[in-house]
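# Remarks on the overall topology
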Amino acid sequence: MQVQMKVNGKSVSVDAAPNTLLVNALREHLKLTGTHVGCDTAQCGACTVHVNGRAVKSCNMLTAQAQGAEVTTIEGMAQADGTMHPMQAAFKECHGLQCGFCTPGMVMSAVDIANRHPNASELEIRELLEGNLCRCTGYQNIVKAVQQGCAAMKA
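Scope of this entry: the structure provided in the associated data block. All of these numbers come straight from a predicted model, not from anything done at the bench.

### Describing the side chain of Gln88
- When you line up the elements, Gln88 lands in helix H2 (residues 86-93).
- Residue class for Gln88 comes out buried when judged on its relative accessible area of 15%.
- Here the side chain of Gln88 touches His85 through a polar contact of 2.9 Å, landing on its backbone nitrogen.
- In contact with Gln88, other than residues within four places in its own chain, are Ile74, Met77, Ala78 and Val107.

### Details of H2
- Taken together, the buried positions of H2 are occupied by Met87, Gln88, Ala89, Ala90 and Phe91.
- On the buried face of H2, the contacting elements are helix H3 (103-116) and helix H5 (140-154).
- In the segment just after H2, His95 is the residue with positive phi, at about 55°.

### Re the nonpolar core
- Met87, Phe91, Met106, Leu129, Ile142 and Val146 are the most contacted members of the largest nonpolar core, which has 23 residues in total.
- Secondary-structure elements contributing two or more residues to this core are H2, H3 and H5.
- Sorting elements by how many residues they give to this core places H3 first, with seven residues.
- In contact with Leu129, not counting residues within four places along its chain, are Met106, Ser109, Ile113, Ile142 and Val146.
- Val49, Met61, Ala66 and Val71 belong to the second largest nonpolar core, which has 16 residues in total.

### Looking at the sheet that holds strand S4 (residues 54-57)
- Across the sheet, five strands lie side by side as S2-S1-S5-S3-S4; this open sheet has mixed pairing. Of all strands in the sheet, those bounded by a partner on one side alone are strand S2 (10-15) and S4. When the angles between neighbouring strand axes are averaged without regard to direction, this sheet yields 40°.
- Note: strand S3 (residues 48-51) against S4, four bridges, orientation antiparallel. When the bridges of S4 are listed, Val49 appears paired with Val56.
- Seen against the sheet, H3 touches S3, S4 and strand S5 (70-72) and runs at an angle of roughly 40° to S3.

### Quick word on the environment of Leu32
- The topology assignment puts Leu32 in the loop between helix H1 (22-29) and S3.
- Sequence separation between Leu32 and Val3 is 29 residues; the distance between their C-alpha atoms is 16 Å.
- If we ignore the near neighbours within four places in the chain, the residues touching Leu32 are Val7, Asn8, Leu26, Arg27, Thr73 and Glu75.

### Notes on the pairing of S2
- Where strand S1 (residues 2-7) and S2 come together, six bridges link them in antiparallel fashion. Along S2, the bridge assignment pairs Gln4 with Ser13.
- Linking S1 to S2, which pair antiparallel, is a turn of two residues; within it Asn8 sits at a positive phi near 50°.

### Here's the deal with unusual backbone geometry
- At Asn8, a residue that is not glycine, the phi angle is positive and equals roughly 50°.
- With respect to the element layout, Asn8 can be found in the loop between S1 and S2.
- You can call Asn8 partly exposed: its relative accessible area is 24%.
- For Asn52, which is not a glycine, the phi torsion comes out positive at approximately 50°.
- Following the sequence through the fold, Asn52 ends up in the loop between S3 and S4.

So, how was this worked out
Residues numbered from 1 in each chain as written. Predicted model: local features only at pLDDT ≥ 70, side-chain atom pairs only at ≥ 80, totals over all residues. Heavy atoms only, no water. Helix = DSSP H or I, 4+ residues; strand = E, 2+ residues; numbered from the N terminus. Buried < 20%, exposed > 50% of the residue type's maximum accessible area, 1.4 Å probe, protein only. Polar contact = N/O pair within 3.5 Å; in protein donor to acceptor, adjacent residues only side chain to side chain. Contact = heavy atoms within 4.5 Å. Core = buried A, V, L, I, M, F, W, Y, C linked by side-chain atoms within 4.5 Å. Pairing = 2+ DSSP bridges. Axes fitted to C-alpha atoms, helices over the stretch in contact; angles between N-to-C directions.

By themselves, these figures tell us nothing about what the structure is for.
As structure tokens, this is what we get:
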């Protein structure tokens, strides 16, 4: 089936079987490999992307459900000249990553938090990141990065 959507600002058409998950369409059909496959059960958040401006775990969504949608992946966060999104810059500056596997999904969730809860407290950020797992950092620097990124996005 042909699925028409806008991915990172560009109109695309994906020829996918009806049971193709969005994460697989992004990675295999569109070669956007920044969206990671972690658990395949919507538990880890490594596959988080934005669909129509909201964070979604793309391993839990069929490509067909994205018909006509606007999808943003981690590759679509930086500006055209390569300047990092403020949340990406905050993760770098606050050392909010180690191995990097969870980072794309974590950044996508963090941007969603900043958009929906721009004044979130440390506790709220921790609760809102509950669906994103990191096995390396202990979350302290991730939370700092989200706080800094929220502030930068408001500026």
